[in-house]
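As a plain string of letters, each chain reads:
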Amino acid sequence: MLLPLEHGFVMEDDPHFPLGGDAVALAHDAAASLAPGARVCDLGCGAGGVSLLLAAARADLSVTGVELRPGAARLARENVRKNRAEDRIRIVEGDLRAVRTLFPPASFDAAAANPPYRAVSEGKLPAHPDDAAARTETTASLADFCAAAAYLLPHGGEFTLCYPVSRLARLFSALTAVSLEPKYLTLLYPDAAHAPAVLVCRARKGARPGLAAAPPVFTAHPESRRSAP
């Protein structure tokens, strides 16, 4: 069954990595800030949801999705074909931890990621390895995602990602460790009566310290894919 996206785009969702409101908010934030004609790398793209949303929102963008799991990479390529977006979206099957073997340094203007939210040590792992990879750092850690983005970006390049609010300190530590300075923060609220659980952060490579916060964003299901503690 095809999942409708935006601007006429559709996708076959990945049962192990279903598209959630957090990923949609990530794509919207990134699309709003990217320069004209930007080259974007979607790290850990799964079935290609964020890549498709970026291309749907901005016809000028060139998007490359990187995905380790062969089944998800095949599904992402099929989703690109369904939307006749082969000229704007490319899917690379590969390990972001070995990003230096996939691309030259500073190959992209921007990067985006919806990384796993939990460390392997935090709770029982799902039985299926693909389910575990979607929710926990079994294949790549937050630090791995940040290191890959830092390698792929030039000075001034932007990395946009979503992550649990409860792990904000961990996020900032991982970003600044590789010279990605957090510059813009958006908190995603389920509604006005509840505290935010997920955030979208935009970081810039080599930037000076200085963080701005966006007005709150209210979304009915900011975490339909996975729960943050």
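You'll find the structure just up there.
Residues numbered from 1 in each chain as written. Predicted model: local features only at pLDDT ≥ 70, side-chain atom pairs only at ≥ 80, totals over all residues. Heavy atoms only, no water.

1. What to know about the overall build of the chain
Applied cut-off: Helix and strand assignments follow DSSP, with helices taken as H or I runs no shorter than four residues and strands as E runs no shorter than two, numbered in order from the N terminus. By the convention used here, residues are in contact when the closest approach between their heavy atoms is within 4.5 Å.
Of the regular secondary structure elements, the chain holds six helices and 11 strands. Residue pairs in contact within the chain that sit at least 24 positions apart in sequence constitute 72% of those at least 6 positions apart.

2. Observations concerning the packing of aromatic side chains
Our working definition: Aromatic contacts are taken between Phe, Tyr and Trp rings whose centres are within 6.5 Å, Trp giving its six-membered ring; a plane angle under 30 degrees counts as stacked, one over 60 as edge-to-face, and the others as tilted. Exposure classes here rest on a 1.4 Å probe applied to the protein chains alone. A residue is buried below 20% of its type maximum, exposed above 50%, and partly exposed in between.
Evaluated as defined, the whole model comprises three aromatic pairs. With a centroid separation of 5.2 Å and an interplanar angle of 85°, the aromatic rings of Phe103 and Phe108 are classed as edge-to-face. Pair check on accessibility: Phe103 and Phe108 agree, each one buried. On the numbers, 5.4 Å between centres and 40° between planes, the contact of Tyr189 with Phe218 is tilted. Taken as a pair, Tyr189 in strand β8 (residues 180-189) and Phe218 in strand β11 (residues 217-218) lie far apart in primary sequence, 29 residues in all.

3. A closer look at empty space enclosed by the protein
Quick reminder of the rule: Buriedness for pockets is judged along seven lines, at least five of which must meet protein on both sides within 12 Å for an open set on the 1 Å grid over protein atoms alone, while cavities are sets there where a 1.4 Å probe fits but cannot get out, and lining residues have an atom within 4 Å of a point. Grid points are joined across faces, edges and corners, and a volume is the space filled by probe spheres set on the points. Residues were grouped as follows: Ala, Val, Leu, Ile, Met, Phe, Trp, Tyr, Cys and Pro as nonpolar; Asp, Glu, Lys and Arg as charged; and all remaining residues, including Gly, as polar.
Taken as a whole, this structure holds three cavities of 30 Å³ or more when the rule is applied. Taken as a whole, the second largest cavity encloses approximately 120 Å³ of empty space. Forming the walls of the second largest cavity are 17 residues, and the residues nearest its centre are Phe17, Leu19, Cys45, Gly49 and Val50. Residue composition of the lining of the second largest cavity, grouped by class: eight nonpolar, six polar and three charged.

4. With respect to the side chain of Lys183
Put simply, the rule is: As used throughout, the charge tally considers Lys and Arg to be positive and Asp and Glu to be negative, leaving His and the chain termini uncounted. Whenever a carboxyl oxygen of Asp or Glu lies within 4 Å of a side-chain nitrogen of Lys or Arg, that contact is scored as a salt bridge. Think of a polar contact as two N or O atoms within 3.5 Å of one another; within protein, one of them needs to be a possible hydrogen donor and the other a possible acceptor, and neighboring residues in sequence only count if both atoms come from side chains.
Secondary-structure assignment places Lys183 in strand β8. Put simply, Lys183 is tucked away with no salt bridge, and the nearest opposite charge, on Glu181, sits 6.4 Å away. At 3.0 Å, the side chain of Lys183 and the backbone oxygen of Gly210 are in polar contact. Those residues in contact with Lys183, other than ones at most four positions away along the chain, are Arg202, Ala203, Arg204, Ala207, Arg208, Pro209, Gly210, Leu211 and Ala212.

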